[in-house]
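Here's the letter readout for the chains.
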Amino acid sequence: MITIRYATPQDASLIADISRQTFYDFFGPQNTEENMDKFLNEQFTKETLMQEVGASHNIFLLAYFDKEPVGYARLRENNVPPELGNTYAMELARLYAVQLAIGKGVGSALMHRCINISYEKNFPVIWLGVWKQNQKAIQFYQRWGFEIFAEHDFILGNDIQKDWLMKKNL
């Protein structure tokens with residue numbers, strides 16, 4: 001059974017560990033070890049990730065499967081890309097599930113909760129960024145009604161990659 005709860009600052013270390021592990025698991029095979037190491041040690045450090053939890057305008061959700069932490073989501077209330085203009089929009093900044101939880105409904109449970117929170121907070125749009133080469137994630141977001149509206153650069157180590165920006169009207 002999947003349960004979702006709001007994370008607290010006491011969950012910061014757990015969320016940072018899940019973040020780094022899932023990022024490495026999913027993106028390590030498609031990137032060089034040097035670029036992954038640089039990203040994880042300079043931009044995606046445990047300390048930086050821990051500081052995000054409990055920071056203003058951030059909402060973190062933790063997902064559990066049979067009482068084991070298996071994923072999380074991060075929503076941001078104050079980050080709107082220029083391509084959306086003056087639209088009042090919630091960002092789905094991260095939605096990660098551990099490898100063993102893929103296909104068990106964790107991502108869907110987190111997405112459902114993120115959309116509900118955005119709707120309850122009167123955001124007319126929820127948006128996210130996704131690596132153009134991550135076809136499984138893109139298909140997942142499209143099944144939830146997200147559509148591509150722009151692209152931007154994402155720097156992983158020394159590699160400039162392209163992300164699609166996707167949005168869903170609520």
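First, a word on scope: everything that follows refers to the structure included in this document. (Residues numbered from 1 in each chain as written. Predicted model: local features only at pLDDT ≥ 70, side-chain atom pairs only at ≥ 80, totals over all residues. Heavy atoms only, no water.)

As for the overall build of the protein chain
Here is step 1: Summing up its helical and strand segments, the protein chain has five helices and seven strands in all.
Here is step 2: Helices and strands in the protein chain line up, N terminus first, as β-α-α-α-β-β-β-α-β-α-β-β.
Here is step 3: Over its C-alpha atoms the protein chain spans a radius of gyration of 15 Å, differing by no more than 12% from the 15 Å that the globule rule assigns to 170 residues.
Here is step 4: When the backbone C-alpha atoms are referred to their principal axes, the protein chain occupies close to 40 × 35 × 30 Å.
Here is step 5: Per element, the accessible surface of the protein chain, about 9,100 Å² overall, is 49% carbon and sulfur.
Here is step 6: Considering the protein chain, the positive charge centre built from 17 side chains and the negative charge centre built from 20 side chains are found 6 Å apart. (Helix = DSSP H or I, 4+ residues; strand = E, 2+ residues; numbered from the N terminus. Rg over C-alpha atoms; globule rule 2.2 N^0.38 Å. Areas by Shrake-Rupley, 256 points an atom, 1.4 Å probe, with all protein chains shown as cover. Lys, Arg positive; Asp, Glu negative; His and termini not counted. Charge placed at Lys NZ, Arg CZ, Asp CG, Glu CD.)

Comments concerning the layout of surface pockets
One water molecule sets the probe size; rolling that probe over the atoms shows where empty space is left.
Here is step 1: Of the pockets and cavities examined, the largest pocket occupies roughly 1,400 Å³.
Here is step 2: Around the largest pocket, the lining comprises 50 residues; the ones closest to its centre are F27, L95, Y96, N134 and Y141.
Here is step 3: The class makeup of the residues in the lining of the largest pocket is 25 nonpolar, 14 polar and 11 charged. (1 Å grid on protein atoms, 1.4 Å probe; cavity = no way out; pocket = protein on both sides within 12 Å on 5 of 7 lines; lining within 4 Å. Points joined across faces, edges and corners; volume = space filled by probe spheres on them. Nonpolar A, V, L, I, M, F, W, Y, C, P; charged D, E, K, R; others polar.)

Some thoughts on the packing of helix α1 (residues 12-27) against helix α2 (residues 33-43)
Here is step 1: Put simply, α1 and α2 touch, their axes get as near as 11 Å, and they point 165° apart. As summarised for this structure, α1 and α2 are arranged roughly antiparallel, according to the angle between their axes. Considering only the axes of α1 and α2, their crossing is right-handed. Contacts from R20, F23, Y24 and F27 in α1 reach M36, F39, L40 and N41 in α2. (Axes fitted to C-alpha atoms, helices over the stretch in contact; angles between N-to-C directions. Parallel < 35°, antiparallel > 145°, perpendicular 65-115°, else oblique. Left-handed = near helix turned anticlockwise from the far one by under 90°. Contact = heavy atoms within 4.5 Å.)

Structural notes on the nonpolar core
Here is step 1: In terms of nonpolar packing, the biggest core is built from 28 residues, with L75, L92, L110, M111 and Y141 touching the most fellow members.
Here is step 2: Sorting the residues of this core by element identifies β2 (58-65), β3 (68-76), β4 (89-97), α4 (106-120), β5 (125-131) and α5 (135-143) as the ones contributing at least two each.
Here is step 3: In terms of residue count, α4 provides more of this core than any other element does, six residues in total.
Here is step 4: If we skip the residues at most four places from it in the chain, L110 touches I4, L61, A63, G71, Y72, A73, L95 and Y96.
Here is step 5: The next biggest cluster of nonpolar side chains, apart from the first, holds 20 residues, and it includes A7, L40, Y72 and L156. (Core = buried A, V, L, I, M, F, W, Y, C linked by side-chain atoms within 4.5 Å. Buried < 20%, exposed > 50% of the residue type's maximum accessible area, 1.4 Å probe, protein only.)

Description of the sheet that holds β5
Here is step 1: As summarised here, the arrangement of the seven strands in space is β1-β2-β3-β4-β5-β7-β6, forming an open sheet in which the pairing is mixed. A single partner strand is all that each edge strand has here, and the edge strands are β1 (2-6) and β6 (147-156). Within this sheet the neighbouring strands show an average axis-to-axis angle of 30°, counted without direction.
Here is step 2: Note: β2 against β3, eight bridges, orientation antiparallel. Residue pairing for β3: A63 is matched across the bridge by G71.
Here is step 3: Relative to β6, α2 is tilted by about 90°, and along the sheet it contacts β6 and β7 (159-169).
Here is step 4: Those strands touched by α5 are β4, β5 and β7, and its axis lies near 165° from that of β5. (Pairing = 2+ DSSP bridges.)

Digging into the pattern of salt bridges
Opposite charge on two side chains permits pairing when their charged atoms draw close.
Here is step 1: Under the definition given, this model contains eight salt bridges.
Here is step 2: The partner of E91 in a salt bridge is R76, with the nearest N and O atoms 2.8 Å apart. You can see E91 sitting in strand β4 and its partner R76 sitting in strand β3, a full 15 residues away along the chain. (Salt bridge = Lys/Arg side-chain N within 4 Å of Asp/Glu carboxyl O.)

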